[in-house]
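# Structure assessment
Here's the letter readout for the chains.
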Amino acid sequence: MEESAAPGPSGEQQPTTPGVARFARPVLIAASVVAVVCIALLVIIFLLDTFNATVYSVGGNNISDDTQEARDIRGLYDGARTGSIFFLVTAVLAAAAAGWLLVRGRSQGDGGADGGEDVGFDDLGR
């Protein structure tokens, strides 16, 4: 008698997605989360820029002036803004590529989980 911790063969073939298409769904989820975080960061940066400009202009100064202080305030979040835009564009491109791979895999007619057979309403209830 042979004992094994691994489950025996069930007779059904597990659906596998070949190549890079198996990573498409996790990449789509991760890219969507990164895009949402980047958009939230850009909104926060916009609000902080607006607040800083408002506080600066209370003293009678203009944020558009060509003074060093005004340039420093305008450029305060340039690094975060640039990085956020870069990661947002990268995430959108990754999500688009992953979505395309998922749609392409679905349209190739892989047979689905039911082996391609027609399943009626009564069969679904069992």
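Residues numbered from 1 in each chain as written. Predicted model: local features only at pLDDT ≥ 70, side-chain atom pairs only at ≥ 80, totals over all residues. Heavy atoms only, no water.

The grouping of I39, V43, F46 and L47 at the surface amounts to a nonpolar patch, some 410 Å² of accessible area in total. Looking at the element boundaries, F46 is found in helix α1 (residues 24-58). Given a relative accessible area of 56%, F46 falls into the exposed group. (Patch = residues over 30% accessible without salt bridge, like charges linked within 9 Å, V, L, I, M, F, W, Y side chains within 5 Å. Areas by Shrake-Rupley, 256 points an atom, 1.4 Å probe, with all protein chains shown as cover. Salt bridge = Lys/Arg side-chain N within 4 Å of Asp/Glu carboxyl O. Helix = DSSP H or I, 4+ residues; strand = E, 2+ residues; numbered from the N terminus. Buried < 20%, exposed > 50% of the residue type's maximum accessible area, 1.4 Å probe, protein only.)

Ranked by size, the top nonpolar core spans six residues in total: A31, A35, C38, L88, A91 and A95. Contributions of two or more residues to this core are made by α1 and α3 (78-107). (Core = buried A, V, L, I, M, F, W, Y, C linked by side-chain atoms within 4.5 Å.)

A separate point is the pattern of salt bridges. All chains considered together, the criterion is met by three salt bridges. Where R81 meets D78, a salt bridge forms, and the shortest distance between an N and an O atom there is 2.8 Å. Of this pair, R81 and D78 both sit in helix α3, three residues apart, which is roughly one turn of that helix. D78 gets classed as partly exposed once you look at its relative accessible area, which sits at 38%. The network of salt bridges with common partners includes D49, D78 and R81.

The contact between α1 and α3 brings their axes to 8 Å, and the two run at 155°. Judged on the interaxial angle alone, α3 and α1 are roughly antiparallel. In terms of crossing hand, the pair formed by α1 and α3 is left-handed. Tallied by class, residues from the contact of α1 with α3 come to 21 nonpolar, two polar and three charged. (Axes fitted to C-alpha atoms, helices over the stretch in contact; angles between N-to-C directions. Parallel < 35°, antiparallel > 145°, perpendicular 65-115°, else oblique. Left-handed = near helix turned anticlockwise from the far one by under 90°. Nonpolar A, V, L, I, M, F, W, Y, C, P; charged D, E, K, R; others polar.)

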